[in-house]
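Summary of the model geometry
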Amino acid sequence: MKMVEKLGDFLIQEVSLRLSLREDVKWLRNELLFMESFLKDAEEKLSEDQRVQQWVFEINSIANEAVAILETYSSSEDGKVDRDDGFASCLKACTNCISRKEAKFYNVGKEIQCLKQRVMDISRKRETYGIRDINNAGEGPSNQCAMVRTLRRTTSYIDEDHIFVGFQDVVERLLAELLKAEPRRSVISIYGMGGLGKTTIARNLYNSPSLITSFSARAWICVSQEYNTLDLLRNIIKSIKGRTKETLDLLERMTESDLEIYLRDLLKKHKYLLVVDDVWQREAWESLRRAFPDSKNGSRVIITTRKEDVAKRADDKGFVHKLRFLSQEESWDLFCRKLLDVQAMIPTMESVARHMVDKCGGLPLAIVVLSGLLSHKRGLQEWQKVKAYLWRHMKDDSIEISCILSLSYNDLLTALKQCFLYFGIFPEDHLIYVDNIMWLWIAEGFIPRGEERTEDVAEGFLNELVRRSLIQVVSTSWKKDIRCKIHDLLRDLAMQKALEVNFFDIYDPKKHSISSSCLRHAIHGQAQRYLSLDLSNLKLRSIMFLDQDFCKMSLIKFRNMFRYIYVLYLEIRSGTTLPDAIGSLYHLKFLSLRGTYYLPSSIGNLKNLQTLRVLNDYRHLCRLPPETANLINLRHLVALYSIPLQLLSKLTNLQVLKYSCCDQWRDVDPVDLVNLQELGMYDIMNSYSLNNIGSLKNLSSLMLRCKVDESFPALEYLTSCQKLDKLWLEGRIDKLPLSRDFPNAITMIVLWKSKLMEDPMPILGMLPNLRDLVLVGAYEGKEITCSNNSFCQLKFLRLDGLKKLERWYLSTSSMPIIIGFGIYDCSKMKEIPQRMKDVAILERLKDIDQEFGEYYRVNNFAS
């Protein structure tokens, strides 16, 4: 356990601890180490006895709490005295320091004694639950975690084709209904129980190329059980109108009636397609439908719901489709597609699996989760154990979906359980940025430390949850997952399990109460009411404000309320000011802010901060003070800012730097930035000097975006970035560097709006490891030539927006292993090479700018 190691560190480092306190800490450390030897047996018993789960979580909770108490002790600045204040002042300060230190010793001692009592209670429970000592290092949790870390996904989980086993005819039928020549605005309703794939089918329709070209305006909103009509109306308007400052300010001033009228007037100008996902009550649809005008131009609305009456009463003349269950053959096909190693399934295992799949009743979610579970069970005996457990919980000759989901959860290691439960903190249907959730796990201490980077371990954990179909990736870019989500049934499970072990609590405004024993609080709405509760005696580790209506940050008493916290997530209304008191949160490791433009100098006190994210709703640069240079443990800086970059030289632990807007690289000495791996910059001008980027020896991902109507400065520094794997250049390039000026390690290149006058293919074709090439508006010429033995490793090629391109010469030995190709908006292209006609067609990259564009589109920076 990572926290137990830290207790040992305190015993070594804090020699000033009182003898009695030192002995208590030593006892606590040793007792927790002793408990650790029982964890493997406890892990194996979790599925049999849910009380054991509570036991495991209590051990982790006590270790975390002990470290927080001692960190509070060690962070004291009582001993700092200004020598220039004179002897009398120094004597008085020292006297006060001693008395404060005595008081702190007393308080820490009391809290450690309380923890000792809890550990003794845990020890008694261990005997009650029959948990045995299994001290086998070769099979212990740390080794299992190492195994998880080494696993990497070998297939793409962004494609949702597995859901469409048996449903392709449904998609085609609904597509025909949406495109038929019917001028009346009509509603297409899809209904069925949770887990059938309603949202996935709707998303497939929404992203269909034929619908994208047929409707001039599209918007997607998720209603869920608890909805706010004002927010739903605002979100539709933002999707269509954009998120400019003027629009956002206007929407904030509007009443529900104003928004309804405004949206009607806006939609009258368009043939629109709206998806209203996850509608639970008829009232929710009724509150929205008035804003959807019928201009007799063929507009369409898609509704997904579990409720038959909601579907049938949405539109008297609309089309209603009840989603069916999969047949036995379709169910087995889906199971095999999701199984990680089908070849290892011997006939006897297949027989066991077929019985279980049949009992899933054709429910896709149950089938893919079962497949994910069995993928991690080795051999016939393990599969038979799963079957025996499921058979004990049969109901009406079928397996309850909740039973399969619970079993899959119980099969996770404790660290993975914590990571899974964390998804339940976010609102229903919330799209979660992958980097964000992984950095949160690291800050919370869920990711074990070892030889591998914690970010890589966290990615392995996420991959594991995706492989098990417990989490779904919803967008990727550059072979990297960008956003993910959790199915609402699995979120219900996460919330239930979190409640059982006091993992987190979500503020309920109706009850106006929240658990005082939980270490993590989330506020999805009415944050002002939450802050009126008595929070003075809580020892919170995480606090997440996800209430964008909240703007009175002055109500947050940072010093008193949150002095122990590791995670502070403030997703609130734009234009608020962060108070100086933020600097008192010494333990803070993760700070995410939205709508904050000025960070106080006290931010420099946060010596433990690992992640700093500052994102705003529209183009408004945040100001980071010079004291940001004091954040010596900062690993991830994601902020739209334009401060002098000189301070970066001190941030030697920095691994990710995104959205900087600076002409300061010539003044940066990057020699100490040995850990920087990802760099993203925008608004670059031709006059900038970027040569020092070449000194970033471990840089693997570089994304640069020019200011509008500007071009890149010379790119010769690229040759020095020998570990560069992914290169993204958006903006005009006067001259492409020669092949030898690109690092050999590059596997992926995106050139966007480069407007090159010379054919780039002869240069790019010589890159020895290039596997992915995307050219969007990158070339102004009429011909491209791919000569002999070029593009030897290329697998995927996309050409988009090459409006003057007429001819493509492709030699027989060029692109020998290409497996995917897409060409779009190249209207003058007479014919593609014959050999490319047999290559799989790639879907057009609707979100080609996902890395920059995801952020830019959300925040309306797109040029």
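Nothing here was measured: the structure is a model prediction, and the numbers come from that model.

Conventions adopted
Residues numbered from 1 in each chain as written. Predicted model: local features only at pLDDT ≥ 70, side-chain atom pairs only at ≥ 80, totals over all residues. Heavy atoms only, no water. Helix = DSSP H or I, 4+ residues; strand = E, 2+ residues; numbered from the N terminus. Buried < 20%, exposed > 50% of the residue type's maximum accessible area, 1.4 Å probe, protein only. Contact = heavy atoms within 4.5 Å. pLDDT = per-residue confidence, 0-100. Salt bridge = Lys/Arg side-chain N within 4 Å of Asp/Glu carboxyl O. Pairing = 2+ DSSP bridges. Disulfide = S-S within 2.5 Å. Axes fitted to C-alpha atoms, helices over the stretch in contact; angles between N-to-C directions. Core = buried A, V, L, I, M, F, W, Y, C linked by side-chain atoms within 4.5 Å. Expected span 1.5 Å × (residues − 1). Arc of directions from axis to C-beta.

Thoughts on the overall build of the protein chain
Helix and strand counts for the protein chain stand at 27 helices and 28 strands. Relative to its 863 residues, the protein chain shows a buried fraction of 57%. The long-range share in the protein chain, meaning contacts at least 24 apart out of those at least 6 apart in sequence, stands at 60%.

A look at the confidence of the model for the protein chain
The predicted model of the protein chain averages 80 in pLDDT, with 77% of residues at 70 or higher. The lowest-confidence element of the protein chain is helix H27 (residues 850-859), averaging 41 in pLDDT; the highest-confidence one is helix H26 (residues 761-764), averaging 96. Contacts of residues 76-99 to residues separated by more than four positions or lying in other chains number 10 contacts, the stretch itself having pLDDT below 50. Counted against residues more than four places away or in other chains, residues 846-863, with its pLDDT under 50, gives 67 contacts.

What about unusual backbone geometry?
If a residue is not glycine, its phi is most likely negative; likewise, a peptide bond is most likely trans. Its identity is not glycine, yet Gln 526 carries a phi of approximately 55°, on the positive side. Positive phi is not limited to glycine here, since Lys 755 has a value of about 55°. Within the secondary structure layout, Lys 755 lies in the loop between strand S22 (748-752) and H26.

Points about the pattern of salt bridges
Enumeration over the complete set of coordinates arrives at 32 salt bridges. Across the pair Arg 453 and Glu 455 runs a salt bridge whose closest N-O atoms are separated by 3.9 Å. Glu 455 sits in the buried class, given a relative accessible area of 9%. In this structure, the salt-bridge partner of Glu 464 is Arg 468, at a minimum N-O distance of 3.1 Å. An identical accessibility class is assigned to Glu 464 and Arg 468; each is buried.

As for the sheet that holds strand S9 (residues 472-477)
Taken together, 3 strands build an open sheet; the order of strands is S8-S10-S9 and the sheet is antiparallel. Lying at the two open borders of the sheet, with one neighbouring strand each, are strand S8 (432-433) and S9. Bridge count for S9 against strand S10 (residues 480-485) is 5 bridges, and the pairing is antiparallel. Residue Ser 477 lies in a different strand from S10, and its bridge partner there is Lys 480.

Some words on the state of the cysteines
Tallied over the full model, the rule gives 0 disulfides. The thiol sulfur of Cys 360 is not disulfide-bonded, and the nearest other cysteine sulfur, from Cys 403, lies at 10.0 Å.

A word on the sheet that holds strand S4 (residues 300-305)
Sheet architecture is open: 5 strands sit in the order S2-S3-S4-S1-S5, paired in parallel fashion. Two strands close off the open sheet at either side, each with one partner strand: strand S2 (217-222) and strand S5 (319-322). Ignoring strand direction, the axes of neighbouring strands in this sheet form an average angle of 10°. Sheet topology note: the strand S1 (residues 186-191)/S5 ladder contains 4 bridges and is parallel.

A short note on the environment of Leu 174
Along the polypeptide, Leu 174 turns up in helix H7 (residues 168-179). For Leu 174, a relative accessible area of 0% corresponds to the buried category. Sequence-wise, Leu 174 and Val 320 are 146 residues apart; in three dimensions their C-alpha atoms are separated by 9.6 Å. Apart from the residues within four sequence positions on either side, Leu 174 is in contact with Ile 188, Ile 190, Ile 201, Leu 205, Phe 319 and His 321.

Here we look at the pairing of strand S24 (residues 783-786)
Moving residue by residue along a regular strand, the side chains alternate between the two faces of the sheet. Only one face of S24 is covered, namely the one carrying Ile 784 and Cys 786; the face carrying Glu 783 and Thr 785 has none of its residues buried. Across 4 bridges, the pairing between S24 and strand S26 (residues 807-810) is parallel. Note on S26: the bridge partner recorded for Glu 783 is Arg 807.

What about the pairing of S10?
When you tally the buried positions in S10, you get 6 out of 6 residues, the bulk of the element. Strand direction decides the pairing type here: S8 and S10, joined by 2 bridges, are antiparallel. Along S10, the bridge assignment pairs Ile 432 with Cys 484.

Remarks on the nonpolar core
If you look at the biggest cluster of nonpolar residues, it comprises 109 residues, and the most contacted ones within it are Phe 335, Phe 420 and Trp 441. Ranked by size, the runner-up nonpolar core spans 97 residues in total, among them Leu 673, Ile 684, Leu 704 and Leu 799.

Side note on H7
In a regular helix each residue adds 1.5 Å, so 12 residues correspond to 16 Å; H7 covers 17 Å between its end C-alpha atoms and thus fits that length. Within H7, burial applies to Val 170, Val 171, Leu 174, Leu 175, Glu 177 and Leu 178. Angular distribution of buried residues about the axis of H7 spans 160°; they occupy a single face of the element. Where H7 is buried, its residues contact S1, helix H8 (198-206), helix H9 (209-214), strand S3 (272-279), S4 and S5.

Some words on helix H12 (residues 256-267)
An ideal rise of 1.5 Å per residue puts 16 Å on 12 residues; H12 measures up with 16 Å between its terminal C-alpha atoms. When we look at burial in H12, the residues that qualify are Leu 259, Glu 260, Leu 263, Leu 266 and Leu 267. For H12, the angular spread of buried residues about the axis comes to 130°, placing them on one side.

What to know about the environment of Arg 732
Looking at the secondary structure, you find Arg 732 in the loop between strand S21 (726-730) and S22. A C-alpha to C-alpha distance of 9.3 Å links Arg 732 and Val 708, two positions 24 residues apart in sequence. Leave out the neighbours within four places in its chain, and Arg 732 touches Asp 709, Glu 710, Ser 711, Phe 712, Lys 753, Ser 754 and Lys 755.

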